[in-house]
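Here is what each chain is made of, one letter per residue.
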Amino acid sequence: MNLEEHAQTLETQGHVVIDHFLSATELKSMIDDYERLKRVGHFKKASIGKGNEHQLNEKIRNDETHWLEPAALTASQKMLWNKLEAFKQVLNQHFFLGLWTLEGHYAYYPAGGKYDAHLDRFSNDDARTISMVLYLNQNWNPDNGGELRIHHQNQEAPPIDIKPLGGRLVCFFSADVLHEVLPAKKERMSFAGWWKRRSGENDLF
Ligand code: OGA
Ligand code: MN
């Protein structure tokens, strides 16, 4: 996988789709990790916003999440962290973004789940810089819906719909890429992560 080419695509398109970011074996180990945590009840109804803006709003999103604990990663999570770290180094060399820490959660969308159009950067915290979504759905049927829809800044261009196929990683700029999760007919599994910059850094970008 040529990460430099993917960084280039991210620059020109504002987003990049990387198929087979995980090998079949890596995908399987992440799914096992996810399913174990789901089974033991570690997923909680997701919320939106941060700090004072924090709220639970099932009209906007109705997924459940489990935040990964960077200081206590399981072996599978560590493997993912290392791969995203390698990508971060390429992105920092390419964009001089000063990406620094990773935060992320597993997400579970039940059948009928969705997440309305939003930006990932909070209005009261601008640290989130690169958004990443990794899909954990094996044998996803194209009729199941659940696409990630990316809107162009130029609203006249048609949006892009990306299927949540297992092992696929989608990256985009957190500050300005409006996106949504279309309703899925089947349960939908993913990891969503954000590279954050040190706050106050790169304010000109
Ligand atoms: C999110 C998000 C997209 C997806 O969690 O903020 O936009 O395809 N997820 O799951
Ligand atoms: Mn999002």
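From a predicted model like this one, the values you see are computed outputs, not experimental measurements.

Procedures and definitions
- Residues numbered from 1 in each chain as written.
- Chains lettered and ligands numbered in written order.
- Predicted model: local features only at pLDDT ≥ 70, side-chain atom pairs only at ≥ 80, totals over all residues.
- Heavy atoms only, no water.
- Near = heavy atom within 4 Å.
- Polar contact = N/O pair within 3.5 Å; in protein donor to acceptor, adjacent residues only side chain to side chain.
- Areas by Shrake-Rupley, 256 points an atom, 1.4 Å probe, with all protein chains shown as cover.
- Helix = DSSP H or I, 4+ residues; strand = E, 2+ residues; numbered from the N terminus.
- Core = buried A, V, L, I, M, F, W, Y, C linked by side-chain atoms within 4.5 Å.
- Buried < 20%, exposed > 50% of the residue type's maximum accessible area, 1.4 Å probe, protein only.
- Pairing = 2+ DSSP bridges.
- Axes fitted to C-alpha atoms, helices over the stretch in contact; angles between N-to-C directions.

Peer 1: Could you clarify how one ought to interpret the site of ligand 1 in this entry?
Peer 2: All residues in the neighbourhood of ligand 1 are listed as Tyr115, His118, Asp120, Val133, Tyr135, Leu148, His179, Val181, Arg188, Ala192 and Trp194. Take His118: an N or O atom from its side chain is 3.2 Å from an oxygen atom of ligand 1. Within the contact set of ligand 1, an oxygen atom lies 3.2 Å away from a side-chain nitrogen or oxygen of Asp120. Protein chains shield 98% of the accessible area of ligand 1, which is 290 Å² for the free molecule. Counting only elements with at least two residues in the shell around ligand 1, the list comes to strand 5 (115–118), strand 6 (128–135), strand 10 (179–181) and strand 11 (188–197). When residues of the shell around ligand 1 are assigned to their parent elements, the largest contribution, 3 residues, is made by strand 11.

Peer 1: Would you explain the nonpolar core in this entry?
Peer 2: Note that soluble globular proteins tend to have their nonpolar side chains buried in a common cluster. Residues Leu84, Tyr106, Ile130 and Leu136 are the most contacted members of the largest nonpolar core, which totals 46 residues. Here this core gets 8 residues from one element, more than from any other, and that element is helix 3 (residues 75–95). Grouped together as the second largest cluster of nonpolar side chains are 5 residues, Ile48, Tyr109, Tyr115 and Val181 included.

Peer 1: How should the sheet that holds strand 7 (residues 148–150) be read in this particular structure?
Peer 2: The strands that make up a sheet pair up through hydrogen bonds in the backbone, lying either parallel or antiparallel. One open sheet accounts for 4 strands, arranged 5-10-7-8; its pairing is antiparallel. Here the strands that pair on one side only, and so sit at the sheet edges, are strand 5 and strand 8 (160–162). Pairs of neighbouring strands in the sheet enclose a mean axial angle of 15 degrees, with direction left out of account. Relative to strand 8, strand 7 runs antiparallel, the two sharing 3 bridges. When the bridges of strand 8 are listed, Ile150 appears paired with Ile160.

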